[in-house]
Amino acid sequence: MNNTMNRPNVLFILTDDQGWWSLGCYGNREIKTPNLDKLAARGMRFDNFFCATPVCSPSRATFLTGRIPSQHGVHDWVSGGNVDPGAIRFLDGETAYTDILAANGYICGISGKWHLGASEYPQNSFSHWYVHRQGGGHYLDPEMVRGGKLQKEKGYVTNLITENALEFLDAHGHEPFYLSVHYTAPHSPWTRDNHPAEYFNLYDDCPFESCPQEPRHPWAISLTDECLNNREMLQGYAAAITAMDADVGKILDKLDQLEVSENTLIVFVSDNGFSCGHHGFWGKGNGTFPLNMHENSIRIPAIFSHPARIPAGNVQDAMASAYDFMPTLLDYLDLPVPETGNLPGRSFLPALDGKTGSGRDSVVIFDEYGGTRMIRTAGWKYVRRYPDGPDELWNLVNDPDERANLIDDPAYQEKIAELKAQLEQWFDTYANPERDGRYFPVDGQGQKRICRIK
């Protein structure tokens, strides 16, 4: 066991379905996020941070393991195997960064959404385990796993997650700790009866100019039919965010009370992006079928704060992905990155340290969601849908809102060939042939079993 005395604590806050555009610090003047705005002001905000898959379970698996879905085998949101009978450990055999932290003296806790199977059983070296039965649901009186037992709790799920996180900090705040606080907010449902009136009513007069209700996307699914031009859904989405922000403030206050704020790395991210009427649909990657890779689906908020090290008030334009997070965190804590696992990411620690010439200026981002794969450079995005399309090419410099698909334009066939070759080479390098997402019927409707080609 290594000495952890000089290493910071880690607080990892993960939200569910939160678009990067939905925070004040990212320019939203309507949705109220005062505590997250303060966190960004005292730390570093990434403007170009991307999930590895625009849906919850595979994105979370990639954050934890540093491996892409075609390596860890979680390709869609987990719709089965969460609880007995039939519980499945979808990350069985995978090394998570929490395993490495625990082996080096950290007490690891999680409060909130797990959604990677076998919810009743602590996994990946978490010794404190308070998790949602599945991955979401009604905000009031949820079923949670406490002390190894599934039980119906009383209260608003955001508050319950926060209260448990505060209990963990009271118990372990003066030990080297790692704490995951995984809110279900702002995932649906967004109806008035799911959220405290004090937050819902804040938005009674909001014009929601930040959530344009565009004409229905031709690929939109039933969620859009329920939510598009529905003001109650907009108010509920905003209320869920503001209620969560208030509870983040309680956790930050607790760190201050324990006098450990200076020595705690705080990370705030979402599992995937989200559209609330943008482009004419509600949802993320599976908000349409065929599945989409629109910017609002793949781009996520990312804030890093550590007063003892990270420069305050810094905005980072460098591109980074969820698959970069594990090597970055281990690098930050001066812990070994696994030599096995064929990890595709690389550390963005120099960017966190505020160094110029951090080496992130030529980064290319890759995403996958089953047979839908994407390569994104600073100026271009190419989406390949295996086996037969439809494919897309977007010029992000001239068309940042992705309105003019250039895939059939003869003038860009050379650019398409270049990006396609780069995309296929990258996935050939990292995908496990037994778990390659191109060969599974991933449709955005959920995953019930471990994906493995025999």
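Residues numbered from 1 in each chain as written. Predicted model: local features only at pLDDT ≥ 70, side-chain atom pairs only at ≥ 80, totals over all residues. Heavy atoms only, no water.

**Focus: the overall build of the chain**
Alright, step 1. Along the chain, the regular secondary structure elements total 12 helices and 17 strands.
Alright, step 2. Against the compact-globule benchmark of 22 Å for 454 residues, the chain has a radius of gyration of 21 Å, which places it among compact chains.
Alright, step 3. Taking all 454 residues of the chain together, the buried fraction comes to 63%.
Alright, step 4. Put simply, 71% of the contacts in the chain that link residues at least 6 apart link residues at least 24 apart. (Helix = DSSP H or I, 4+ residues; strand = E, 2+ residues; numbered from the N terminus. Rg over C-alpha atoms; globule rule 2.2 N^0.38 Å. Buried < 20%, exposed > 50% of the residue type's maximum accessible area, 1.4 Å probe, protein only. Contact = heavy atoms within 4.5 Å.)

**A closer look at the sheet that holds strand β17 (residues 392-395)**
Alright, step 1. Strand order in the open sheet formed by four strands is β14-β15-β16-β17, with antiparallel pairing between adjacent strands. Looking at which strands have only one partner, the edges of the open sheet turn out to be β14 (365-369) and β17. Going from strand to strand, the sheet's axes swing by 10 degrees on average, the running direction of each strand aside.
Alright, step 2. In this structure, β14 lies alongside strand β15 (residues 372-376), joined through five bridges in antiparallel fashion. Bridge assignment links F366 to a residue of β15, and that residue is I375.
Alright, step 3. Across the sheet, helix α12 (residues 413-430) touches β14, β15, β16 (380-385) and β17, and the angle it forms with β16 is around 65 degrees. (Pairing = 2+ DSSP bridges. Axes fitted to C-alpha atoms, helices over the stretch in contact; angles between N-to-C directions.)

**With respect to the pattern of salt bridges**
Alright, step 1. Under the counting rule described, the total for this entry stands at 23 salt bridges.
Alright, step 2. One salt bridge connects D271 with R60, and the closest N-O pair in it is separated by 3.1 Å. Taken together, the residues D271 in the loop between β8 (264-270) and β9 (275-276) and R60 in helix α2 (residues 56-65) connect sequence positions 211 residues apart.
Alright, step 3. R60 gets classed as buried once you look at its relative accessible area, which sits at 3%.
Alright, step 4. Linked by salt bridges that have partners in common, E295, R376, K381 and E402 make up one network. (Salt bridge = Lys/Arg side-chain N within 4 Å of Asp/Glu carboxyl O.)

**Focus: the environment of W114**
Alright, step 1. Checked against the element boundaries, W114 lands in the loop between β3 (107-112) and β4 (128-132).
Alright, step 2. Residues W114 and V83, spaced 31 residues apart in sequence, show a C-alpha to C-alpha distance of 12 Å.
Alright, step 3. In this view, W114 contacts R60, L64, L91, S119, Q123, N124, F126, W129 and V131; residues no more than four positions away in its chain are not counted.
Alright, step 4. From its side chain, W114 meets the backbone oxygen of G117 in a polar contact 2.9 Å long. (Polar contact = N/O pair within 3.5 Å; in protein donor to acceptor, adjacent residues only side chain to side chain.)

**Considerations on empty space enclosed by the protein**
Alright, step 1. For the coordinates displayed, the defined rule picks out two cavities of 30 Å³ or more.
Alright, step 2. Looking at the largest cavity, its volume works out to about 80 Å³.
Alright, step 3. In this structure, the largest cavity is lined by F12, L14, R60, F63, L64, Y97, I110, W114, L116, F126, S180 and H182.
Alright, step 4. Every element with two or more residues in the lining of the largest cavity is listed here: β1 (9-15), α2 and β7 (177-182).
Alright, step 5. Considered class by class, the residues forming the lining of the largest cavity number nine nonpolar, two polar and one charged.
Alright, step 6. Of the volumes computed, that of the second largest cavity is approximately 30 Å³.
Alright, step 7. Lining the second largest cavity are L265, V267, F304, F325, T328, L329, Y332 and L352. (1 Å grid on protein atoms, 1.4 Å probe; cavity = no way out; pocket = protein on both sides within 12 Å on 5 of 7 lines; lining within 4 Å. Points joined across faces, edges and corners; volume = space filled by probe spheres on them. Nonpolar A, V, L, I, M, F, W, Y, C, P; charged D, E, K, R; others polar.)

**Observations concerning the packing of helix α1 (residues 34-41) against helix α8 (residues 231-257)**
Any two packed helices are characterised by how steeply their axes cross, that is the angle between the axes, and by the distance between the axes.
Alright, step 1. Direction vectors running N to C along α1 and α8 enclose 55 degrees, while the axes themselves pass 7 Å from each other. Our classification of the angle between α1 and α8 gives oblique. Counting all contacts with α1, which are made through P34, N35, L36 and L39, the residues of α8 involved are M244, D245, A246, V248, G249 and L252. (Parallel < 35°, antiparallel > 145°, perpendicular 65-115°, else oblique.)

**Looking at helix α5 (residues 157-172)**
Alright, step 1. Between the first and last C-alpha of α5 there are 23 Å, a value that for 16 residues agrees with the 22 Å anticipated at 1.5 Å per step.
Alright, step 2. The complete set of buried residues in α5 reads V157, T158, L160, I161, T162, N164, A165, L166, F168 and L169.
Alright, step 3. The inward-facing, buried residues of α5 abut β3, β4, β5 (143-146), β7 and α8. (Expected span 1.5 Å × (residues − 1).)

**Observations concerning the pairing of β8**
Alright, step 1. Among the seven residues of β8, seven are classified as buried, and the element is accordingly described as predominantly covered.
Alright, step 2. Burial along β8 is two-sided: T264, I266, F268 and S270 and L265, V267 and V269, pointing in opposite directions, are all buried.
Alright, step 3. The sheet contact formed by β1 and β8 spans seven bridges and is parallel. Residue pairing for β8: N9 is matched across the bridge by T264.
Alright, step 4. Where β8 and strand β11 (residues 299-305) come together, four bridges link them in antiparallel fashion. Bridge assignment links I266 to a residue of β11, and that residue is S305.

**As for the environment of L333**
Alright, step 1. Its place among the elements puts L333 in the loop between α10 (325-332) and α11 (349-352).
Alright, step 2. Of the residues examined, L333 reaches a relative accessible area of 1% and is grouped as buried.
Alright, step 3. Along the chain, L333 and R7 lie 326 residues apart, while their C-alpha atoms are 6.0 Å from each other.
Alright, step 4. Setting aside anything within four residues of it in sequence, one finds L333 in contact with R7, P8, V10, L101 and Y106.

**As for the layout of surface pockets**
Alright, step 1. Of the voids in this model, the largest pocket is the one considered here, and its volume is about 450 Å³.
Alright, step 2. Lining the largest pocket we find 28 residues, and of these W77, H187, S188, K284 and N286 sit closest to its centre.
Alright, step 3. Only α7 (222-227) and β10 (282-283) provide two or more residues apiece to the lining of the largest pocket.
Alright, step 4. For the lining of the largest pocket, a count of residues per class yields nine nonpolar, 15 polar and four charged.
Alright, step 5. The space that makes up the second largest pocket amounts to roughly 320 Å³.
Alright, step 6. Considering only residue class, the lining of the second largest pocket consists of seven nonpolar, four polar and eight charged.

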